[in-house]
Amino acid sequence: MGNKKAPSGVMPLFLCSYAIPKSEMDDSQYNFVAGMAGGIDVCLNNDLMDYQIAGTGKSFIGKYLDVWNYDSAKYQQRYQLAVKTFTNKPITKGDCNQLSADIYRQNQALASVDQQRQQEQQECQTQSLNDVLKAPVQTNCTRYGNSVYCTSY
């Protein structure tokens, strides 16, 4: 665990005008997310991590996986390897504290990305509304006797 760093760029961003297809996870991402999941489980099972921090970490992992195309069998294999690695070496409270700090940092980065995505989505909705309001309107009027009837579309 210790000094491992997450791959830069927590998640890909999406533009409102079209959906961007999910990218494939690379090996470093499999190792990062499966290692985090395995570390969380080992720390939690050894009473070395608070369950709320573990829950935050698991939530982050779920959100991370949601934005990538990944092979679930490959992820499970990497997860099992991480659990085995952490179980075979004496895991310390310090290791779990470091993982907790990593979870906090990743969750902060995710919150920033979510906030940016929400802002972009709101800007897109505003732009879409403006486009609708600026669209040309055609009006046809017909006179029947002393009355005029108009239809706009």
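Keep in mind it's a predicted model, so treat the numbers as computed, not measured. (Residues numbered from 1 in each chain as written. Predicted model: local features only at pLDDT ≥ 70, side-chain atom pairs only at ≥ 80, totals over all residues. Heavy atoms only, no water.)

### Some details on the confidence of the model for the chain
And then number 1: Mean pLDDT for the chain: 81, with 78% of residues reaching 70 or above.
And then number 2: The least confident element of the chain, judged by mean pLDDT, is strand 4 (residues 147–152) at 77; the most confident is helix 1 (residues 27–45) at 96.
And then number 3: Here residues 1–17 scores under 50 on pLDDT; set against residues more than four positions off or in separate chains, the count is 37 contacts. (pLDDT = per-residue confidence, 0-100. Helix = DSSP H or I, 4+ residues; strand = E, 2+ residues; numbered from the N terminus. Contact = heavy atoms within 4.5 Å.)

### So, helix 3 (residues 72–88)
And then number 1: The first and last C-alpha atoms of helix 3 sit 24 Å apart over 17 residues, in line with the 24 Å expected at 1.5 Å per residue.
And then number 2: What helix 3 keeps buried is the set Y75, R78, Y79, A82, V83 and F86. For helix 3, the arc enclosing every buried residue in end-on projection is 140°, short of the 170-degree limit, so these residues lie on one face. Across from the buried face of helix 3, at angles greater than 90 degrees, the exposed residues are A73, K84, T87 and N88.
And then number 3: Here the buried face of helix 3 lies against helix 1 and helix 2 (51–66).
And then number 4: Here helix 3 starts with a cap whose side-chain oxygen sits 2.9 Å from the backbone nitrogen of A73, and that cap is D71. (Expected span 1.5 Å × (residues − 1). Buried < 20%, exposed > 50% of the residue type's maximum accessible area, 1.4 Å probe, protein only. Arc of directions from axis to C-beta. Polar contact = N/O pair within 3.5 Å; in protein donor to acceptor, adjacent residues only side chain to side chain.)

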